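Here is what each chain is made of, one letter per residue.
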Amino acid sequence: MSAPTAVTETTPKAGPRDNYVDFLRAASLIVVVLWHWAFTILTWESNGPQAGPHATSPLGFTHGFWLATWLFQVMPLFFYVGGYVHLRSWERARLSGVQIGDFVLRRIRKLAVPAVVVMLVWIAVGSAIGGYFKLEGIGRAVRLIISPLWFLAIYLMLIVLLPVSLWLHRRYGSLVLVWLGGAAMMIDVVRFNYHLEAAGWANMMLVWGLAHQAGFFYQKVVDAPRRADWTLLWAGLFGLVGLVGSGLYPGSMVGVPGERFSNMAPPTFVIVALLLFQIGVVELLRPTMQRVLLRPRWGKANDLINRFSLPLYLVHTTGLAIFLFLAWLLFGYEFTDRTDDLTIDLQWWLTRPLAVVGPLICTLPVIVLFSRIGVRREQGE
């Protein structure tokens, strides 16, 4: 197949925005935010080199809860949709005479500037709080607060590599996906069979690069018969069941304390199967969700979450930190220092909505502040 043919088949046509794409991108960020607020359990070590906060979750204490991560670990979906948005945005920019270098720099600035602001502010605030209150482990606390920004570093790197990925897409099409998937599997073989743990970090680019590259085929997936959606779902689901059921990989798609390794840090080949499964799920839901999003109220809600989803993601741990700090300062809230003391019972589950409300209230003023200094969502136009 020649390069011009490949471009014709895989480039989305100009037209109105795909509201479902906007919904998926914003919803994937909001799912992560809600997960962090509702299911992050913090303990605090008082002394020693590990002094400071440590994060865990009910995944380590609740039988079978790891299955929820197959639907709610949505980072693969975010990178997939991001690939489509970048392809569509570049095609529109190119028609307007924008050069690829300028396009890449503009998108990097839009994401990097607010992320750097968050990091610098927390380094300064953490130093001030640690010095004034004489708190040990404040550096560890700051690292936890800014740790969700890890995905932006990978996302920015994929934007930097966009000229290369677009060329590969035009030249080799779906073969690139096969190569990236194969390379990710080979990295797992080297990592686990030859005990070279450091090799696994190559999958930070290979696995997320595959998800991003897969987004270039988004329109072809949308246009494919419904049977193709079921094919993706079942292929991904059987892959997940086979890889996890074999005992080679943990069942959770997020890190769980006590597991021998994490499927996410760095990502393993299991995330490729998760990507296929989630693409199948969202495509099967597409007809229903598109009808819903055409309703005026849902359309306005979709516009609202798209406007604030990225700022919310950037500062949601800031809101959580403010909430916990105020609870400690005003009400004497104390962290437990042992996970043995944790009880995941019915009462704990019933309080999860309250665990979201407090951080949300503390996050809203921060979002307003960020909006005033010019933090804007990545629109993909």
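Per an unreviewed UniProt entry, the recorded name for the protein chain is Acyltransferase, and the organism is Hamadaea flava.

Caption draft 1: Just the packing of aromatic side chains, in detail. Tallied over the entire structure, the rule returns 28 aromatic pairs. Relative to Trp349, the ring of Trp348 has its centre 5.0 Å away and its plane inclined at 90°; by these criteria the two rings are edge-to-face. The class for Trp348 is buried, based on a relative accessible area of 14%. Clustering of aromatic rings is evident, with ring pairs tying together Phe78, Phe79, Trp150, Phe151, Tyr155, Trp208 and Tyr313. Across the ring face of Trp348, the terminal group of Arg352 is positioned such that the distance to the ring centre comes to 3.9 Å.

Caption draft 2: A nonpolar patch on the surface, seen in detail. A surface patch of nonpolar side chains, about 690 Å² in accessible area, is lined by Tyr132, Phe133, Leu326, Leu329, Leu330 and Phe331. Counting residues per element, the ones that place at least two in the nonpolar patch are helix 5 (100–133) and helix 14 (296–331). The element that contributes the greatest number of residues to the nonpolar patch is helix 14, accounting for four residues. Looking at the element boundaries, Leu329 is found in helix 14. The partly exposed category is assigned to Leu329, whose relative accessible area is 44%.

Caption draft 3: Fine view of unusual backbone geometry. Cis rather than trans, the peptide bond between Ala265 and Pro266 has omega equal to 0°. Phi is positive for His195, close to 55°, though the residue is something other than glycine. Here His195 lies in the loop between helix 9 (175–193) and helix 10 (203–214). Judged by relative accessible area, which is 68%, His195 ranks as exposed.

The rules behind the values
Every chain's residues receive numbers from 1 upward, in the order its sequence appears when written. Side-chain atom pairs in this predicted model are given and counted only at pLDDT of 80 or more, local residue features only at pLDDT of at least 70, and totals for whole chains, interfaces and linings cover all residues. Side-chain measures here rest on the full set of heavy atoms in the structure, leaving out hydrogens and waters. A pair of aromatic rings is counted whenever rings of Phe, Tyr or Trp (Trp by its six-membered ring) have centres within 6.5 Å, and the orientation is called stacked for planes under 30 degrees apart, edge-to-face for over 60 and tilted otherwise. Burial here depends on accessible area, computed with a 1.4 Å probe over protein chains only, as a share of the maximum for the residue type. Under 20% is buried, over 50% is exposed, and the range in between is partly exposed. Two conditions define a charge sitting above a ring: the NZ of Lys or the CZ of Arg must be within 6 Å of the ring centre, and it must be within 35 degrees of the ring normal. Residues qualify for a patch when their relative accessible area is over 30% and they have no salt bridge, like charges being joined within 9 Å and the nonpolar side chains of Val, Leu, Ile, Met, Phe, Trp and Tyr within 5 Å. Note that accessible areas follow from Shrake-Rupley with a 1.4 Å probe, and for residues the cover is restricted to the protein chains shown. Each salt bridge in this description consists of a side-chain nitrogen of Lys or Arg and a carboxyl oxygen of Asp or Glu lying within 4 Å of one another. Here a strand is any run of E in DSSP of at least two residues, a helix any run of H or I of at least four, and the numbering for each starts at the N terminus.

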